[in-house]
Each structure stands twice: as structure tokens, then as C-alpha cells.
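Here is what each chain is made of, one letter per residue.
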Amino acid sequence: MGEKLLMKGNDAMAEGAVRAGCRFFAGYPITPQNEVPEYMSWRMPEVGGAFIQAESEVAAINMLFGAAATGVRSMTSSSSPGISLKQEGISYCAGADLPIFFANVVRGGPGLGNIAGAQGDYFQSVRGGGHGDYRTFVMAPNSAEEMGNFPLKCYEVGEKYRVPSMILSDGTIGQMMEPVEFKFETVDAKKLPIPEWAIGANPGRPRRMVGSYDLREGELEKMVLARAKRYREVEEKEALWEGKMLDDAEIVLVSYGIASRASLAAMKLAREQGLKVGWFRPITLWPFPKKALTDVAKRVKSLLAVELSLGQMIDDVKLAIDCRVPVHLHARPGGVLPTGEEIVESVRKALKAGSKEAACCR
Amino acid sequence: MYQGIRISGFGGQGIISSGVLLAYAGMLDGRHVTFFPAYGAEMRGGTANCSVVISSDDVSTPVVAQPDTVIVMNEPSLAKFEPLVKPGGLLIINSSLVESRPKRKDIKILLVPCNKAAQELGTARIANMVALGAFVKQTGALSIDAIAKAMPKVFKRAKPEMLELNVKALKKGAEFN
Amino acid sequence: MLQVNRRPKSLLDVKMHYCPGCGHGIVHRLVAECLDELEVASRAVGVAPVGCSVFADHYFACDMIQGAHGRGPAIATGIKRSKPECIVFSYQGDGDLASIGMAETVHSAARSENITVVFINNSIYGMTGGQMAPTTLIGQPSTTSPKGRDVKVNGYPIRVCELLSQLDGARYLERTSVHTAAHVIKTKKALKKAFQNQIDGKGFSMVEVLSMCPTNLAIAPKDNAKFIAEKMLPVYPLGVYKDADAPAAGGK
């Protein structure tokens with residue numbers, strides 16, 4: 001704690017995971033997240049953990065499935081196409097109630113797309129991503145420092161509710177360097193309790209099974225419903241957000257991750273121009289901070305979602321506020337970071353449009 | 001105070017390390033800083049460029065679209081980055097390697113023979129430090145001291161003699177007006 | 001009363017779902033006997049595949065994990081690297097190991113993961129209902145090659161032991177069968193060596209077991225034994241394909 005280090009977002013995330021007790025990492029090279037496996041390749045042996053460069057993203061997530069089943073804090077990271085490949089394994093982890101932790105350093109898509117920072121993987125992250133009914137705890141850092149500090153939260157929430165957790169980052173935050181302070185005591189991995197469900201050496205205790213199937217009639221439904229109970233608890237207790245200049249705002253910019261920084265530039269610019277603009281940033285994307293955003297929506301004339309995609313989070317914004325006010329969209333897909341100036345333009349348009357031409361409930 | 005910088009040149013000219021060094025020095029000076037490398041296909045083409053922000057306030061975006069200062073270390077970078085400089089901004093050109101001259105009249109242009117000056121100190125490898133010296137002198141965004149302090153943190157494997165030579169190059173760069 | 005045989009402790013006293021004449025029950029028992037005799041049951045972890053032996057996690061008395069189709073060796077890798085004291089085995093069929101999971105098989109062997117792989121080759125997909133496997137013989141009918149496997153359409157069967165024998169990381173590879181009592185005994189010996197290798201830290205060990213699936217071959221169990229003897233053995237010769245302990249490793 002205490003010391004400020006100038007670190008790349010990707011390096012900060014890797015180090016943050018290690019300090020949070022991660023002792024198993026498996027991954028496969030893909031830009032723009034290569035720093036994470038590179039960092040782990042020397043850092044893991046240093047702390048007595050295991051690092052494996054897997055033959056594919058598919059193998060990596062399944063290695064995690066095995067490692068997490070033994071109760072160790074584990075991690076894999078990738079970027080969009082690689083995360084698509086991991087979805088099957090993530091679904092199995094969700095189905096086996098394994099608290100794996102993974103990161104998506106998102107790039108432009110679909111397909112091979114490009115390697116610039118983007119936000120086109122929002123739906124995939126917050127709606128499950130793989131097959132079946134499940135949810136993943138999703139955190140969206142907007143700085144290198146948060147990249148370093150969020151892994152611990154992911155482990156804690158993931159283990160408490162036995163759900164997969166992830167950091168949804170992007171190429172820009174992954175590649176940029178910023179001062180980073182790790183704001184938590186380094187976790188002593190050896191002192192972490194071994195979960196009561198973990199498989200491994202088993203002298204004298206009943207055998208344990210980890211798996212995601214139950215073919216008996218009606219049993220799978222019970223299993224999924226029990227999990228859904230935990231999902232509700234996560235939704236009630238674990239939503240995180242932050243806001244600025246919300247008190248007198250007429251319009252509020254809603255954005256996460258790197259887009260929230262572009263929005264912040266826009267808010268400052270707009271305020272200088274006398275526009276009453278506020279700023280709201282979901283820090284967890286699932287659970288989405290519904291209640292907080294609803295409170296904001298009660299006081300403002302409209303919202304403007306700013307996203308590096310065709311507009312995906314905007315759906316959650318509308319659902320959260322139940323279309324109480326119009327929600328406009330400033331969308332830059334394909335790996336383009338909007339400037340503050342262009343967002344202010346959209347603010348002006350939105351203010352002019354009023355409620356009638358609102359983009360809400362399209 | 002806000003200073004958005006783009007540095008561009010060939011891979012191997014120390015473009016990335018210059019950017020990291022500026023950001024580190026800014027951090028040691030108590031500023032808010034960001035460093036962002038172009039990590040795209042450009043990297044493969046042998047050119048490198050990066051964005052650095054040094055600010056007294058939070059930095060909103062790390063990608064400097066309209067730089068206050070551009071440092072151009074090779075010929076192709078001039079055409080690419082000259083148009084981006086903010087009106088009234090600063091364009092530092094490594095005149096040892098860049099033959100073309102800029103067209104813009106609304107910005108300050110500083111020609112610095114970085115390679116020549118570095119060579120005179122013993123090695124062209126420190127041409128980037130000459131450019132940083134000129135930048136520091138022109139903008140006052142940082143002190144040479146702060147950069148000197150950041151050097152051992154960024155160039156972890158450099159010998160003390162090399163670091164000393166780097167400081168000399170910074171000071172040399174500061175002499176160009 | 002003299003008891004000459006009993007259920008291995010590592011095999012649970014539950015009714016198995018396997019069809020009459022299926023080889024899985026035999027191989028399950030052999031694996032369980034190995035765990036007992038090597039006294040590693042209390043630190044054994046098994047990986048159950050997708051396929052007929054998906055329920056293996058309900059039959060072995062040790063800790064078990066059931067994962068995605070073909071990913072057994074990757075899952076075993078994760079367990080073994082996290083808990084090296086565990087004795088980890090992956091139990092897989094031919095579709096699982098040699099088709100969808102071939103990459104995991106090859107790379108866990110190449111890394112010489114210190115795990116034991118039990119590979120059941122019965123030349124057909126079982127649980128999904130008799131489709132063509134990567135090990136289906138040329139001319140052998142299946143529900144997706146009803147007129148018999150045609151090399152022009154479906155290519156050739158894969159000989160996994162031979163394939164893996166080219167990898168330096170594969171330390172022990174043997175193909176056995178369970179179509180006769182004598183072969184069952186040989187299979188047990190091979191499995192025991194494959195587990196002993198793991199205990200000794202020798203690296204990737206795999207036993208390929210030719211086995212019966214009379215239901216999906218649509219023949220009587222005794223005819224399935226004949227099928228193995230007459231049709232499978234010529235294509236899949238039994239023997240040791242790799243033994244890093246032996247001076248001339250790689251021979252048959």
C-alpha cells in the first residue's frame with residue numbers, strides 16, 4: 001500500500017490479481033492483453049503459483065475450471081475473440097458454481113475486428129455470454145489504478161456468491177500507463193480458507209463432486225433457482241457506481257470504462273459552456289446500479305448514454321429507469337474513442353430534441 | 001496546467017521510453033499523468049508514437065487528439081502529426097533527420113538537430129533526450145531535475161554513466177531556442 | 001469363508017447405467033483397483049468426460065469433476081498444477097479425446113503434464129447414439145455413415161497412440177484391450193504403470209483401451225469381442241508405443 005507506481009493497466013491488473021491472492025493463471029496471446037500473460041509468466045513462479053501458456057483460449061478456461069475447483073484463486077485474461085472462445089468454459093464454471101476470475105481487454109469487433117479499445121462486448125458480459133441461465137459479476141474499471149484494485153473485489157464477490165467474476169476493460173485502459181496505488185493489504189494466499197466444496201486430497205472426509213449437470217427430472221431447475229437466489233442478492237448488495245455534478249444537472253451522461261473518461265471531459269467542457277450536465281458511471285455492469293440511476297432519472301430531463309459500441313449499455317439504462325425520461329445515445333463502434341467536443345455536440349442536440357424526439361424505447 | 005504531448009519517430013529512437021519518462025517525471029512532480037502508446041499496426045511498420053498528458057487536474061482521456069506539443073523525430077512523422085498540433089501549440093522537429101519543413105504558421109516551430117547534438121555528446125542513442133530537453137525548456141511543464149530523478153525508475157538496467165549522459169543531453173536540448 | 005474377490009474401495013456401491021456388454025464397467029473397476037493398490041485413493045481426483053462415461057463422477061469414490069466435452073486434459077492440468085500432491089486422471093472416450101479434444105490431448109502430452117489419461121476406444125459415439133467416431137473403421141457403419149465409413153467422404157481413422165508417440169512429452173503410451181479376460185489383466189497392468197508414473201513424477205501417461213459398445217454397433221456382446229479381435233486389432237495393434245523408461249522407447 002501507499003507507493004504510487006507508473007504502470008500499464010494490463011500490468012496493474014496482473015499485479016493486482018497476484019496481490020489479491022491469485023495463484024493460478026492460464027492464458028493465450030492476443031492483443032491488446034498480452035502484457036497480462038507476460039507479467040504472470042514471471043510473477044506467478046515468484047509467488048509459488050502456476051502459470052501456463054495454454055494451447056488455446058478454450059484450453060485456458062478449462063484449466064481454470066480445474067484449478068478453481070481446487071479452491072485456488074485463479075485468473076485468465078483475453079481480448080474479445082478469445083473471450084468468445086472461452087464462453088463455453090465460463091458457462092460450465094457458472095454451472096458448477098466456481099468463482100473463476102477473468103478479464104476481457106476488449107478490442108473492436110465483430111470478427112477479428114481491430115485491436116483498438118472498444119466496448120462491443122457489453123451484452124456478452126452482462127447477459128451471461130455462454131449458454132444457459134447465468135450471470136457474471138462484471139466490473140468496469142476506468143483507470144490503470146482501478147485495474148489494479150478491482151481483482152480483489154472480483155475474488156471476494158465471486159467467492160461469496162459462488163459466481164464467475166470479470167473485469168470488462170478495453171485496449172485503451174489496458175495499454176495506458178498511469179500512477180497506480182494498490183489500496184489494499186496484500187492477501188496471503190496461504191491463509192485463504194479452503195472452501196468446503198473444493199476438490200483435492202481428501203483423507204477422511206466425504207468425497208466431493210464438481211460439475212454442472214443434473215439429468216434427473218426437475219433437479220436442474222432447482223439448481224438454477226437456488227443460484228438465481230444468489231443472483232438476486234448480488235443485485236441487491238453489490239452494485240457500485242459513481243456520479244459527479246448530479247445535483248443541478250438537466251442532462252446526465254451515462255457511461256462506463258474508458259467512455260466514462262471521454263464523458264468526463266465532455267462534462268467539464270459543457271459546464272464551462274454553461275450547460276447543466278452531470279455524469280453517472282456504473283462501476284459494476286452486472287449488477288447494474290438500477291436504483292441509483294433511477295434516483296438520478298427522477299431529477300433530470302434526459303440521459304445521454306455514451307458508448308464505444310452501437311449502443312448496448314443503453315438497454316440497461318432504459319430498463320433501469322423504466323423509460324422514465326428520454327435516453328439519447330452517442331455511439332462510436334469499431335474502436336473509436338469519442339472526444340469531449342463531439343459528446344458536447346450530442347448533449348446540445350439532446351437538449352434541443354426535448355422529450356418528443358427522444359431515442360427512448362425505439 | 002495541462003500539457004498534451006505526442007511523440008513520434010522510428011522504432012528504436014526511444015519514442016516509447018521518452019513518453020514513459022515524461023509521464024514518470026510528471027508523476028514525481030505531483031502531477032496527474034497518463035501515457036498511451038500507439039500499439040496498432042503502426043508498431044509493426046517500424047514507426048512508434050505515443051501520447052503523454054501532464055496535468056494539474058484529473059486526466060480525462062489518455063489519447064491526445066489535439067496536442068499542445070508534438071515532437072517529431074523522423075520524416076514520416078512530420079506529415080502525420082503537423083496537422084494535429086493545437087493552434088498556438090509547439091512543434092519540435094529533429095532537424096538532423098527531418099528534411100521537410102512544416103507549412104503551418106499558427107504554431108511555434110522549433111528545429112532541434114537532436115542526432116547531431118547527441119552525437120557530439122558521444123552517441124546518437126540519446127537524441128530523444130535532446131528533444132525532451134528542448135520540450136522542457138519551451139513549455140516549463142516539468143523540470144530537468146524531475147526527468148533526471150525518473151530516469152533510474154524507467155531505465156532500470158542503465159549504467160550510471162549512461163544516465164549522466166542522458167542528463168547532459170537534456171541540458172543540451174534546453175539550449176535550443 | 002474365504003473371500004477371493006470384492007468390490008474395490010475406490011468404486012462406489014451404486015448401480016451403473018452402462019449397457020450390458022459395455023466395457024466401461026470393466027475399465028472403471030480396473031482404475032479403482034489401481035487407486036486402491038497404489039494407496040492413492042485419498043488424494044485421487046478424477047475428471048469425467050462428456051459421453052457415456054459422463055456419470056463416472058458418480059461411480060468413483062474419490063473426488064470427481066465433470067467438465068466440457070474434450071477438455072479433460074486441460075481440466076486435469078489445472079488441478080494437477082494447483083494441487084501437485086493429487087493423483088489426477090482424465091477418463092475419456094474416443095469422440096471426446098480424439099475428436100473435439102484432440103488439441104487438449106496433444107498439448108497436455110507435449111507439455112508432459114504429470115497426469116494419467118484413460119482412453120476408451122470403442123470405435124463409435126455412445127451417448128449420442130452411434131455416430132461416426134474419429135476411430136470408426138473404414139467401412140464400419142454408423143448413424144452418420146450409414147453405408148459405412150467412406151474415406152472419400154470421412155477420411156481415415158486416427159491412431160492416437162501412434163500419433164502421440166511422436167511427442168517427446170508423452171512418456172508412456174500403451175494400447176490394450178478388454179475383449180478377453182487375459183487382455184483385461186494386461187490392461188490392469190498398463191493402467192497401474194500409468195498411475196505409478198504419475199506418482200513417480202514421470203509425466204504424461206496414457207492407456208488406450210479397445211472396448212465394447214454392442215448397443216451402438218448393434219451386435220451381441222460376444223460378437224463385439226469378435227469385432228475387436230478381427231476388425232479393430234489389425235487397425236489398432238496392441239502394445240507399448242512409448243515408454244520413456246525403456247531403452248528403445250517408441251517401439252511396439
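To be clear, the structure that these remarks concern was listed above.
Throughout this document, residue positions are counted from 1 along each chain, in the order its sequence is written. Key to labels: chains lettered from A, ligands numbered from 1, both in the order written. Restriction of local features to residues with pLDDT of at least 70 applies here, the model being predicted, together with a cutoff of 80 or more for giving and counting side-chain atom pairs; totals for whole chains, interfaces and linings are based on all residues. Side-chain numbers come from the whole structure's heavy atoms, not from hydrogens or water.

A.B. asks: Got a sec to walk through the sheet that holds strand 3 (residues 50-53) of chain A? Specific residues and values, please.
C.D. replies: With mixed pairing, 7 strands are arranged side by side in an open sheet as 3-2-4-5-7-6-13 (chain A). Every interior strand has two partners, whereas the edge strands, strand 3 and strand 13 (284-286) of chain A, have only one. The sheet shows a mean angle of 20° between the axes of neighbouring strands, direction not considered. As paired elements, strand 6 (residues 137-139) of chain A and strand 7 (residues 165-170) of chain A share 3 bridges and run parallel to each other. Within the sheet, the bridge partner assigned to Val138 of chain A lies in strand 7 of chain A and is Met166 of chain A. Whether two residues touch is decided by their heavy atoms; if any such pair falls within 4.5 Å, the residues are in contact. Simply put, an axis is a line fit to the C-alpha atoms, just over the touching stretch for a helix, and the angle between two N-to-C directions goes from 0 to 180 degrees. Every helix listed is a DSSP run of H or I at least four residues long, and every strand listed is a run of E at least two residues long, numbered separately from the N terminus. Set on the sheet, helix 1 (residues 9-19) of chain A makes contact with strand 2 (22-27), strand 4 (73-78), strand 5 (101-106) and strand 7 of chain A; between it and strand 5 of chain A the angle comes to about 175°. Here helix 2 (residues 72-82) of chain C sits on the sheet in contact with strand 2 and strand 3 of chain A, set at roughly 150° to strand 3 of chain A. Any two strands with at least two DSSP bridges between them are considered paired.

A.B. asks: Let's hear about the nonpolar core: which residues, and what values?
C.D. replies: The nonpolar side chains of a soluble globular protein tend to be buried, and buried together. Take the buried Ala, Val, Leu, Ile, Met, Phe, Trp, Tyr and Cys residues and link them wherever side-chain atoms come within 4.5 Å; each set so joined is a nonpolar core. A 1.4 Å probe rolled over the protein chains alone gives each residue an accessible area, and that area as a share of the maximum for its type sets the label: buried under 20%, exposed over 50%, partly exposed in between. Among the nonpolar cores identified, the biggest contains 146 residues, and Met40, Met75, Leu293 and Leu303 of chain A together with Met206 of chain C are the most heavily contacted of them. Broken down by element, this core gets its largest block of residues, 9 residues, from helix 3 (residues 57-69) of chain A. Where each domain starts and ends comes from a domain assignment, either automatic or drawn from a database. There are two domains that each give this core at least three residues, and those are domain 1 (5-186 + 226-236) and domain 2 (242-353) of chain A. What Met206 of chain C contacts, discounting residues up to four positions off in sequence, is Leu97, Val117, Phe119, Val160, Cys161, Leu164, Tyr172, Leu173 and Glu174 of chain C.

A.B. asks: Please give an account of the interface of chain A and chain C that cites residues and values.
C.D. replies: You'll often see interface size given as the accessible area lost when the parts meet. Residue-level contacts link 33 residues of chain A with 35 residues of chain C. Defined in terms of a 1.4 Å probe, buried area is the accessible area two parts forfeit on being brought together, summed over both. Each partner contributes to the roughly 2,600 Å² buried at the junction of chain A and chain C, and carbon and sulfur atoms together form 60% of this total. Interface area lost by chain A to chain C is led by Glu55, Arg207 and Tyr213 of chain A, which between them contribute 25%. Salt-bridge detection follows one rule: a side-chain nitrogen of Lys or Arg within 4 Å of a carboxyl oxygen of Asp or Glu. Connecting chain A to chain C are 3 salt bridges. Put simply, Glu88 of chain A and Arg71 of chain C hold a salt bridge, and the shortest N to O gap is 3.8 Å. Pairs of N or O atoms within 3.5 Å make up the polar contacts considered here, provided that, within protein, one atom can donate a hydrogen while the other can accept it, and that residues adjacent in sequence are counted only when both atoms are side-chain atoms. On the surface where chain A and chain C come into contact, there are 15 residue pairs in polar contact (both at pLDDT 80 or more). Contributing elements (two or more residues each) for the side of chain A that touches chain C: strand 3, helix 3, helix 4 (80-95) and strand 9 (209-210) of chain A. Of the residues forming the side of chain A that touches chain C, the biggest block, 8 residues, is contributed by helix 3 of chain A. Charged residues are taken to be Asp, Glu, Lys and Arg, nonpolar residues to be Ala, Val, Leu, Ile, Met, Phe, Trp, Tyr, Cys and Pro, and polar residues to be all remaining types, Gly included. Looking at the side of chain A that touches chain C residue by residue, the classes come out as 20 nonpolar, 8 polar and 5 charged. Here 2 bridges tie strand 9 of chain A to strand 2 (residues 63-66) of chain C, and the two strands are oriented parallel to one another. Bridging across to strand 2 of chain C, Met209 of chain A finds its partner in Met64 of chain C.

A.B. asks: Provide a residue-level description of the arrangement of the chains, including the pertinent values.
C.D. replies: Here 2 pairs of chains make contact, and the pair sharing the most contacts is chains A and C. Nowhere do chain B and chain C come into contact; their C-alpha atoms are at least 30 Å apart.

A.B. asks: Describe in detail the pattern of salt bridges, supporting the description with residues and values.
C.D. replies: In total, this model carries 46 salt bridges over all chains according to the counting rule given. Notably, a salt bridge pairs Asp106 of chain B with Arg104 of chain B, separated by 2.9 Å at the nearest N-O pair. Owing to a relative accessible area of 38%, Asp106 of chain B belongs among the partly exposed residues under this scheme. The residue Asp245 of chain C makes a salt bridge to Lys193 of chain C at a minimum N-O spacing of 3.5 Å. With Asp245 of chain C in the segment after strand 7 (239-243) and Lys193 of chain C in helix 7 (residues 181-199), this residue pair connects regions lying 52 residues apart in the sequence. One network of salt bridges, with partners in common, ties together Arg29, Glu33, Glu37, Lys188 and Lys192 of chain C.

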